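# Reading the structure
This is what each chain is made of:
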Amino acid sequence: MQNLVTDLLVTLAFGVVGVVLMGVGYGLVDLATPGKLHELIWAERNRNAALLLTSNLLGVGIIVVAAIVASDNDFTLGLIGAAAYGIVGLVIMAAAFLLLDAVTPGRLGELLVDPEPHPAVWVSAAVHLATGAIIAAAII
């Protein structure tokens, strides 16, 4: 029974770290796009904004999963690693977004919240997912 309680507490701790990191990712995407992200997605049903946010959240999730796997059942190392690698991943995702914005025409944030589907959102989403995968591979 004690193992179950311990495992549940460990799971809760990793879950909290993951949710906090996804919250930070949400905030970064909100900063990168014009307007309020919650209005764009939930009120205006903007698919571009939803795809951009989804790819960011998945990228963060991939990083957290890799940190947990790499922790080799060392709770403290895993928790610190998940938080640290998650922050590094978010910083790199933000830098990749800014780099992509610099080398493409127009303002990427504005294109990504266009009410009409825009191919640029797929490119940006791929960058988020690839960044998450790269960080995860580096962890493992």
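Here, residues in each chain are numbered from 1, in the same order as that chain's written sequence. This being a predicted model, a pLDDT of at least 70 is required before a residue's local features are given, and a value of 80 or more before pairs of side-chain atoms are given or counted; all residues contribute to the totals for chains, interfaces and linings. As a convention, hydrogens and water are excluded, and side-chain values are obtained from all of the structure's heavy atoms.

## Observations regarding the UniProt feature "transmembrane region" (unreviewed entry) in the chain
Using the following cut-off: UniProt positions are given in the numbering used here, feature names are shortened, and annotations may be inferred rather than shown by experiment. We count a stretch as a helix when DSSP gives it H or I for four or more residues in a row; a strand needs E for two or more, and each element gets its number in order from the N terminus.
Here the UniProt feature "transmembrane region" (unreviewed entry) sits at residues 7–29, 49–70, 77–100 and 120–139. Taken end to end, residues 7–29 has its terminal C-alpha atoms 33 Å apart, with 100% of it in helix and 0% in strand. Taken end to end, residues 120–139 comprises 100% helix and 0% strand; its first and last C-alpha atoms sit 29 Å apart.

## Focus: the side chain of Thr131
The line we're drawing: Any pair of residues with heavy atoms lying within 4.5 Å of one another is described as a contacting pair.
Relative to the assigned elements, Thr131 resides in helix α6 (residues 119–139). The contacts of Thr131, once residues within four sequence positions are left out, are Gly89, Ile92, Met93 and Ala96.

## Brief notes about the packing of aromatic side chains
Threshold: By convention, a stacked pair of Phe, Tyr or Trp rings (six-membered ring in the case of Trp) has centres within 6.5 Å and planes under 30 degrees apart, an edge-to-face pair has planes over 60 apart, and any other such pair is tilted.
The final tally for this structure, using the stated rule, is one aromatic pair. Pairing Phe14 with Phe75 gives two aromatic rings, centres 6.0 Å apart and planes at 80°, and the pair type is edge-to-face. Pair noted here: Phe14 is in helix α1 (residues 2–32) and Phe75 is in helix α4 (residues 75–103), with a separation of 61 residues, a long-range link.

## Structural notes on the pattern of salt bridges
Working definition: two side chains of opposite charge can pair if their charged atoms are close together. To be explicit about the condition: A side-chain nitrogen of Lys or Arg and a carboxyl oxygen of Asp or Glu constitute a salt bridge if their distance falls within 4 Å. Think of it in three bands: residues with accessible area under 20% of the maximum for their type are buried, residues over 50% are exposed, and the middle band is partly exposed, with areas taken using a 1.4 Å probe on protein chains only.
Summed over all chains, the structure comprises one salt bridge. Residue Asp101 pairs with Arg107 through a salt bridge whose shortest N-O separation is 3.0 Å. Look at Arg107 and you get exposed, because its relative accessible area is 53%.

## A short note on the packing of α1 against α4
For clarity, the threshold we go by: A fitted line through C-alpha atoms serves as each axis, taken over the contacting stretch for helices, and the angle formed by two N-to-C directions is quoted from 0 to 180°. Roughly parallel means an angle under 35 degrees; roughly antiparallel, over 145; roughly perpendicular, 65 to 115; everything else is oblique. By convention the crossing between two helices is left-handed if the near helix lies anticlockwise of the far one by an angle smaller than a right angle, and right-handed if it lies clockwise. Under the scheme applied here, ten amino acids are nonpolar (Ala, Val, Leu, Ile, Met, Phe, Trp, Tyr, Cys and Pro), four are charged (Asp, Glu, Lys and Arg), and all others, including Gly, are polar.
Packing of α1 against α4 brings their axes to within 10 Å, and their N-to-C directions diverge by 15°. The pairing of α1 with α4 is recorded here as roughly parallel in orientation. The two elements α1 and α4 cross, and the hand of that crossing is right-handed. Along its contact with α1, which presents Val10, Ala13, Phe14, Val17, Leu21, Val24, Gly25, Leu28 and Ala32, the element α4 presents Phe75, Gly78, Leu79, Ala82, Ala83, Gly86, Ile87, Leu90 and Phe97. A class-by-class count of the residues in the contact of α1 with α4 yields 15 nonpolar, three polar and no charged.

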